[in-house]
Amino acid sequence: MADALWVNDLHSALNATRVARVLQPVGREQICAIVREARAAGASLALSGGRHAMGGQQFATDQWLLDLRAHAAVHAFDAERGLITVDAGIQWPALMAACASLPARPDGLRWGIRQKQTGADRLTLGGSLAANIHGRGLRLPPIVGDVEAFTLIGPDAVARRCSRDENADLFALAIGGYGLFGVIADVTLRLAPRVPVRRSVEILTLDELVRVPAERDTSDWLFGDFQYSIDERSPDFLHRGVFSAYRRCEEPPDETEPQKQLHEADWVDLLALAHTDRAKVFDVYSGYYLSTHGQRYWSDTHQLSIYPDDYHAALDRRFGSPCRCSEMISELYVPRPALGEFMGRAAELLRGAGVPVIYGTIRLIERDTETFLAWAREPWACVIFNLHCEHTPAGLQQAAKTFRALIDLALVFGGSYYLTYHRWATRAQIEAAHPRFRAFLEQKKTHDPEDRFTSDWYRHHRDLFAD
Ligand SMILES: Cc1cc2nc3c(=O)[nH]c(=O)nc-3n(C[C@H](O)[C@H](O)[C@H](O)COP(=O)(O)OP(=O)(O)OC[C@H]3O[C@@H](n4cnc5c(N)ncnc54)[C@H](O)[C@@H]3O)c2cc1C
């Protein structure tokens, strides 16, 4: 796989794709020139950022791949309003470093990002908008709420500014539009005041978790996520977990005092333990988190996390695995009052299927009222299942079957699932979980009739809804 024309996603490694060309533009002009060249050549373009999507959204077999990671300049900063304009290929660590280097406002206020994904950092802003991501805010809608405006380069190679007032239809389509309406070239992002926060760690049950937004002042309790027990033999399985929250405080973190933190090797050991002893891993993990109760952080940088690249290849070697394995993620949404019952039935389902859960978190998300294909149609509880998956025909079939069963279960409670992780849902499941999906495909046809922008994920869905 050393051939640069073979590309794959970073986490599941289940999307090996051979592309015709890989292009790495820098600057708006180069992007427009590539779109014009693709038009002249009759080629289609797939757009990739950090390559974390897991359903082939960023690759198209035999087509051109626009790798946007080098397109990452910082353009402008409005210190008064807390707006930063950057190229969309920028990744979170660089964006956060850019914010940190900006001058403070005359009243001393500094700005930082509002939210990013947890679990990985080298994701691009463009990829984040295209999936309409969410972080671990306790009162935040998905990232659309953080976007002031962006520039979209469409199939005609014309750059258009999109905001709630200008090209509002494209604003709503391209955020959560998986790169199908054009290249998001630059983004004006709304920042938040950068404040000190104190980590609070508790062991909670699901009932206690869903009461958090009502019982705690979320102008103060800014972030939090719940990592549930993955020990399928315990009554705590998917029921009790560690809730790590971040509450605004007065004193900034003491940069001279070393904080307790996990390093990359510790994460790999924890991941290894999750494969071999799921009762122990919860004790180790929760014990570590409880020991960090009270530590202080900044509201932006505490969102950074370590992702050990290709960790599963190391685990495969460590365990002498006869085949390539990885984790496969799915995120299910349910109305918060249904969380307890959903998780109880999911526990039965996963025990019955014999599929190990390697880790899982629950976060709370507010409703998105702005994007066309909004996945956060309600203030959901968002449940991540990271399941071990063997890359054999039987292993893949089992993973697909389990994820379909989990989607069916979420649908029983009026829930949904996140489109970014796989393309294993059936058409009936897609229609039930994403009622505007067909209309979304129609919009795609209207705005890009020649499929200048494409992906294997898109082609799969276009064909699934062909009639
Ligand atoms: C370990 C892990 C943890 C994760 N955690 C979270 C989480 O906490 N919250 C969450 O919401 N999601 C999470 N995700 C999902 C991830 O955030 C999304 O898949 C996101 O889109 C990936 O961004 P990326 O830069 O890697 O983009 P890619 O995977 O490369 O691309 C994703 C999509 O964005 C499109 N795209 C990329 N750049 C552009 C651009 N400039 N213009 C237009 N379209 C573009 C691509 O065509 C593709 O459709 C996680 C994924 C993994 C593997």
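Undergrad: Explain the overall build of the chain to me, and be specific about the residues and the numbers.
TA: When you go through the chain residue by residue, the secondary structure sums to 14 helices and 21 strands. A compact globule built from 467 residues should have a C-alpha radius of gyration of about 23 Å, and the chain, at 22 Å, falls within 12% of that. Considered along the principal axes of its C-alpha atoms, the chain spans approximately 60 × 60 × 40 Å. A buried classification covers 45% of the 467 residues belonging to the chain. Long-range pairs, those at least 24 residues apart, make up 73% of the contacts in the chain with a sequence separation of at least 6.

Undergrad: Any details on the environment of V26? Residues and values, ideally.
TA: Structurally, V26 is set in the loop between β3 (21-23) and α1 (28-41). Here V26 falls in the partly exposed class, since 15 other C-beta atoms lie within 10 Å of it. Through-space distance from the C-alpha of V26 to that of D67 is 9.9 Å; in sequence the pair is 41 residues apart.

Undergrad: Which residues make up the site of the ligand, and what values do they have?
TA: Lining the immediate surroundings of the ligand are 32 residues, of which G49, G50, G126, G127 and G179 lie closest. Secondary-structure elements contributing two or more residues to the shell around the ligand are β4 (45-48), α3 (125-131) and β11 (183-190). The element that contributes the greatest number of residues to the shell around the ligand is α3, accounting for five residues. Along the lines of polarity and charge, the residues of the shell around the ligand split into 13 nonpolar, 18 polar and one charged. Residues from two domains meet in the shell around the ligand; each of domain 1 (6-69 + 442-464) and domain 2 (74-193) gives at least three.

Undergrad: Give a description of the nonpolar core that names residues and reports values.
TA: Core analysis: the largest hydrophobic core is formed by 121 residues, its most contacted members being L129, A174, I184, V187 and A381. Per element, the largest residue contribution to this core is eight residues, and it comes from strand β20 (residues 380-390). What I184 contacts, discounting residues up to four positions off in sequence, is A88, G126, L129, A130, F150, L152 and A174.

Undergrad: Explain the domain arrangement of the chain to me, and be specific about the residues and the numbers.
TA: Note on interface size: it is often stated as the accessible area lost on association of the parts. For the chain, the domain assignment lists domain 1 (6-69 + 442-464), domain 2 (74-193) and domain 3 (196-299 + 308-431). Relative placement of domain 1 and domain 2: their C-alpha centres are 21 Å apart. The interface is formed by 25 residues belonging to domain 1 together with 22 residues belonging to domain 2. For the side of domain 1 that touches domain 2, the elements supplying multiple residues, two or more each, are α1, α13 (437-447) and α14 (456-464). For the side of domain 1 that touches domain 2, the leading source of residues is α1, giving six residues. Split by residue class, the side of domain 1 that touches domain 2 holds ten nonpolar, seven polar and eight charged.

Undergrad: I'd like a description of helix α8 (residues 278-291), backed by residues and values.
TA: In this model α8 runs 20 Å from its N-terminal to its C-terminal C-alpha over 14 residues, within 8% of the 20 Å that 1.5 Å per residue would give. Among the residues of α8, those classed as buried are R278, V281, F282 and Y285. Down the axis, α8 shows its buried residues gathered within 100 degrees of arc, on one side only. Facing away from the buried surface of α8 by more than 90 degrees, the exposed residues are K280, G287 and S291. Among the structural elements, β14 (221-228), β15 (240-248) and α7 (264-276) are those in contact with the buried residues of α8.

Undergrad: Help me get a handle on the sheet that holds strand β6 (residues 74-78), residues and values and all.
TA: With antiparallel pairing, the five strands of this open sheet are ordered in space as β6-β7-β11-β9-β10. A strand with exactly one partner marks an edge of an open sheet, and here the two such strands are β6 and β10 (159-163). Strand-to-strand twist across the sheet, computed as the mean angle between neighbouring axes with direction ignored, equals 15 degrees. Both strand β7 (residues 83-87) and β11 contribute to a ladder of five bridges, which runs antiparallel. Directly across from I84, in β11, lies its bridge partner L189.

Undergrad: Please give an account of the pairing of β14 that cites residues and values.
TA: Where burial is concerned, most of β14 is hidden: six out of the eight residues are buried. Relative to β15, β14 is paired through seven bridges, and the arrangement is antiparallel. Bridge pairing in β15 places Q227 opposite V242. Bridge analysis of β14 against strand β19 (residues 361-364) gives two bridges, and the strand direction is antiparallel. The residue bridging Q227 from the neighbouring strand is T361, located in β19.

How each quantity is defined
- Residues numbered from 1 in each chain as written.
- Predicted model: local features only at pLDDT ≥ 70, side-chain atom pairs only at ≥ 80, totals over all residues.
- Helix = DSSP H or I, 4+ residues; strand = E, 2+ residues; numbered from the N terminus.
- Rg over C-alpha atoms; globule rule 2.2 N^0.38 Å.
- Buried ≥ 20, exposed ≤ 12 C-beta atoms within 10 Å, placed from the backbone.
- Contact = placed C-beta atoms within 7 Å.
- Near = placed C-beta within 6 Å.
- Nonpolar A, V, L, I, M, F, W, Y, C, P; charged D, E, K, R; others polar.
- Domains from an automatic or database assignment.
- Core = buried A, V, L, I, M, F, W, Y, C linked by C-beta atoms within 7 Å.
- Expected span 1.5 Å × (residues − 1).
- Arc of directions from axis to C-beta.
- Pairing = 2+ DSSP bridges.
- Axes fitted to C-alpha atoms, helices over the stretch in contact; angles between N-to-C directions.

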